[in-house]
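# An overview of the molecular structure
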Amino acid sequence: MKLYAKTIPQTLPNWATVVTQSADLIEFEINDEHPDFQSLLEELETEIEPGIRGVKAEDLCSRLGIEMSNPHLHHLVEQAQTLISLIATHPNYKQLLDEGYQPDLNIADAQTALTYLQWELEQNR
């Protein structure tokens, strides 16, 4: 699991590794299979909504001493477009289509929506 932060503590747990670091963004990866990380998740788990248990990102970041980054919307749109392109070309997705999967909205609809959003963001710069 990758996370993006503004600040991180001097020393990270052994299940977290910095991938890239710039002046305003730190990308780090968490080995979410590591037993110590799993123990932390169990310790922080709460009932988020009635019947739904999980860990709030705010609680996890607070415990780790991490200030999360709030990436620009333009950057998030670019990431979403990349992910949608990967989904569209993924063999499992193609197999679903070959087996008759026909959603009301498709990958092209999602790509179009993101393109419109990107145009709007560029006009408002």
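These notes cover the structure that comes with them. Keep in mind the model is a prediction, meaning the values are calculated, not measured.

## Remarks on the packing of helix α3 (residues 73-89) against helix α5 (residues 107-123)
- For the pair α3 and α5, interaxial distance at closest approach is 10 Å and the crossing angle is 160°. The orientation of α3 relative to α5 falls into the category roughly antiparallel. Classified by chirality, the crossing of α5 by α3 is left-handed. Residue-level contacts link Leu-73, His-74, Val-77, Glu-78, Ala-80, Gln-81, Ile-84, Ser-85, Ile-87 and Ala-88 of α3 to Ile-107, Ala-110, Gln-111, Leu-114, Thr-115, Leu-117, Gln-118, Leu-121 and Glu-122 of α5.
- Taken together, the residues that form the contact of α3 with α5 break down as eleven nonpolar, six polar and two charged.

## Here's the deal with the packing of α3 against helix α4 (residues 91-98)
- Put simply, α3 and α4 touch, their axes get as near as 5 Å, and they point 55° apart. The angle between the axes of α3 and α4 places the two elements in the oblique class. Contacts from Ile-87, Ala-88 and Thr-89 in α3 reach Pro-91, Tyr-93 and Lys-94 in α4.

## Digging into a nonpolar patch on the surface
- A cluster of nonpolar side chains, namely Leu-73, Leu-76 and Leu-117, defines an oily patch on the protein surface of about 220 Å² accessible area.
- Overall, the relative accessible area of 32% leaves Leu-117 in the partly exposed class.

## A word on the sheet that holds strand β6 (residues 67-68)
- The four strands lie next to each other as β2-β3-β1-β6, forming an open sheet whose pairing is antiparallel. Taken across any chain shown, the strands that pair with only one partner, and hence form the sheet edges, are β2 (16-21) and β6.

## Brief notes about the pairing of strand β4 (residues 46-49)
- Here β4 runs beside strand β5 (residues 52-54); their pairing, made up of three bridges, is antiparallel. When the sheet's bridge partners are listed, Thr-46 is paired in β5 with Gly-54.
- Between β4 and β5, which follow one another and run antiparallel, lie two residues, and Gly-51 among them has a positive phi close to 85°.

## Details of the side chain of His-74
- Along the chain, the position of His-74 falls in helix α3.
- We classify His-74 as buried; its relative accessible area is 18%.
- A polar contact is formed between the side chain of His-74 and the side chain of Glu-78, at a distance of 2.9 Å.

## Thoughts on the environment of Thr-112
- Its location among the elements puts Thr-112 in helix α5.
- Overall, Thr-112 belongs to the partly exposed group, its relative accessible area being 35%.
- Taking the C-alpha atoms as reference points, Thr-112 and Gln-81, separated by 31 residues in sequence, lie 9.6 Å from one another.
- Polar side-chain contacts of Thr-112 include one of 2.9 Å to the backbone oxygen of Ala-108.

About the thresholds
- Residues numbered from 1 in each chain as written.
- Predicted model: local features only at pLDDT ≥ 70, side-chain atom pairs only at ≥ 80, totals over all residues.
- Heavy atoms only, no water.
- Axes fitted to C-alpha atoms, helices over the stretch in contact; angles between N-to-C directions.
- Helix = DSSP H or I, 4+ residues; strand = E, 2+ residues; numbered from the N terminus.
- Parallel < 35°, antiparallel > 145°, perpendicular 65-115°, else oblique.
- Left-handed = near helix turned anticlockwise from the far one by under 90°.
- Contact = heavy atoms within 4.5 Å.
- Nonpolar A, V, L, I, M, F, W, Y, C, P; charged D, E, K, R; others polar.
- Patch = residues over 30% accessible without salt bridge, like charges linked within 9 Å, V, L, I, M, F, W, Y side chains within 5 Å.
- Areas by Shrake-Rupley, 256 points an atom, 1.4 Å probe, with all protein chains shown as cover.
- Salt bridge = Lys/Arg side-chain N within 4 Å of Asp/Glu carboxyl O.
- Buried < 20%, exposed > 50% of the residue type's maximum accessible area, 1.4 Å probe, protein only.
- Pairing = 2+ DSSP bridges.
- Polar contact = N/O pair within 3.5 Å; in protein donor to acceptor, adjacent residues only side chain to side chain.

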